Amino acid sequence: MLTAFARAFKTPDLRKKLLFTLGIIVVYRVGTHIPIPGVDYKSVQECVDQASGNQGLFGLVNMFSGGALLQITVFALGIMPYITASIILQLLTVVIPRLEALKKEGQAGTAKITQYTRYLTMALAILQGTGLVATARSGALFSGCTVAGQIVPDQAIFTTIVMVICMTAGTACVMWLGELITDRGIGNGMSILMFISIAATFPSALWAIKTQGSLADGWIEFGTVIAVGLVMVGLVVFVEQAQRRIPVQYAKRMIGRRSYGGTSTYIPLKVNQAGVIPVIFASSLLYIPALIAQFSSGTSGWKTWIEANLVQGDHPIYITLYFLLIVFFAFFYVAISFNPEEVADNMKKYGGFIPGIRAGRPTAEYLSYVLNRITWPGSLYLGLIALVPTMALVGFGANQNFPFGGTSILIIVGVGLETVKQIESQLQQRNYEGFLR
């Protein structure tokens, strides 16, 4: 693999793409450490040292921003508004006929949907930026911090507007950097930035496990976490690469004196067809009651119940609801992202059929049957992977820094595999051996 990297840097155009991608990554990481105006940086650092931040959606967004959210920097929102906008547009494509028609128009329609995604990203950035500033001003951004109310000392409207504008501009800049990587670098830009954001939190999380450990100065806990992480990576790679291949045969067609078709191919149905989306949906939905309870005044019964059962990540009710929501959203997202009837119609239109299955409706029913069967193990796998940090929280006591599990390990492995495949394909185009001999 190291030889392949060396050969990649010896190829002028590929070296240029790799260096350009690395340069954009450096710019992105610098932006995650530049605080916005109106924030008392000393108080922020003190709160970061005292508390690990709110669990739930704050922790999720902080992970996607590479730790920039809790430090309230220019790139505090990171790529989370773009991810949310992309998911919303993808869901609306199934509901709104106009968007569905644009999706079928090819490259021109995709460009139009991308433009809508950018507009929605800016709207969400303004909304999330306003919410973050309001949360920081109220002192609710950090739990257990004595100076949380001093993070934003100036409560003026003008200061709030400037802070929101800075974070919105930072989101626009992150989106632009991601598109630059996609156009002139290696891999998908947004995925690369997401990968870097999550990977940037790993060293501090691992070192926190070592410093907070009690066995052999923390080295036993540190080694155990590394070993569990390697096992988790191997498991995720195995499941993410697993797929059910549905054989498809195309009939021969005579056009003039030439015959076309007669080829054999397959439809790859992944075990984890939904990716990491169900985990994000479940985390966001479970955080809504905790957010409502956090900003409500008084000590009512429903607020006490939510704080006792849905705020603590290691509570049995929270764990059960989290697992069930992940399974539900896995089936929900697969149902809206893969349409068996559309696939069956396209196969019938071009003369394709599954051996032993009649074209048309029987093919759609067969694809639905197979998809439901492989979605069950995929959804259970997602739920178990997402609960790994919770199990680590129970096993390691108060340690909340377990990095391997949930959305982080899924995104790290998925983006890593995809990027390596792209580099390897470009090496093979130049008659190189690639990463595996």
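Residues numbered from 1 in each chain as written. Predicted model: local features only at pLDDT ≥ 70, side-chain atom pairs only at ≥ 80, totals over all residues. Heavy atoms only, no water.

1. So, the packing of aromatic side chains
Between two aromatic rings, the relevant description is the distance of the centres plus the angle of the planes. One pass over the full model with this rule turns up 8 aromatic pairs. Between Y318 and Y322, the aromatic rings sit 5.9 Å apart at their centres with planes inclined by 35°, giving tilted as the arrangement. Here the residue Y318 and the residue Y322 both occupy positions in helix α14 (residues 316-337), the gap between them amounting to 4 residues, near one helical turn. Given a relative accessible area of 13%, Y318 falls into the buried group. Ring plane angle 75° and centroid distance 6.4 Å describe the contact between F329 and F332, whose orientation is recorded as edge-to-face. On the criterion of helical spacing, the pair formed by F329 and F332 is a turn pair, its members being 3 residues apart in helix α14. Given a relative accessible area of 34%, F332 falls into the partly exposed group. Each residue in the set F281, F328, F329 and F332 is aromatic and connected to the rest through ring pairs, giving one cluster. (Phe/Tyr/Trp six-rings, centres within 6.5 Å; stacked < 30°, edge-to-face > 60°. Helix = DSSP H or I, 4+ residues; strand = E, 2+ residues; numbered from the N terminus. Buried < 20%, exposed > 50% of the residue type's maximum accessible area, 1.4 Å probe, protein only.)

2. What to know about the confidence of the model for the protein
Across the protein, the average pLDDT comes to 79, with 81% of residues at or above 70. Contacts for the low-pLDDT stretch residues 53-57, under 50 throughout, to residues beyond four places or in other chains number 16 contacts. (pLDDT = per-residue confidence, 0-100. Contact = heavy atoms within 4.5 Å.)

3. Focus: the nonpolar core
Counting residues in hydrophobic clusters, the biggest one holds 67 residues, and the most contacted among them are L269, V279, Y322 and L410. With residues near it in sequence (within four places) discarded, L410 still touches V236, E240, V276, V279, Y381, L382 and I385. By size, the runner-up hydrophobic cluster in this structure holds 17 residues, among which are C47, A76, A125 and I151. (Core = buried A, V, L, I, M, F, W, Y, C linked by side-chain atoms within 4.5 Å.)

4. Focus: the side chain of T419
Secondary-structure assignment places T419 in helix α18 (residues 406-429). Taking the relative accessible area as the measure of exposure, T419 reaches 17% and is therefore buried. Among the polar contacts made by the side chain of T419, one reaches the main-chain carbonyl oxygen of V415 at a distance of 2.8 Å. When near neighbours in sequence (up to four residues on either side) are disregarded, T419 contacts I186 and I192. (Polar contact = N/O pair within 3.5 Å; in protein donor to acceptor, adjacent residues only side chain to side chain.)

5. What to know about helix α15 (residues 340-349)
Here α15 has its buried residues at P340, A344 and M347. Each buried residue of α15 sits inside an arc of 60° when the element is viewed along its axis, so together they form one side. Facing away from the buried side of α15 by more than 90 degrees, the exposed set consists of E341 and K349. Looking at the packing, one finds that the buried side of α15 touches β1 (243-250), β4 (264-270), β5 (352-353) and α16 (361-386). The backbone nitrogen of E341 lies 3.2 Å from a side-chain oxygen of the residue at the head of α15, namely N339. (Arc of directions from axis to C-beta.)

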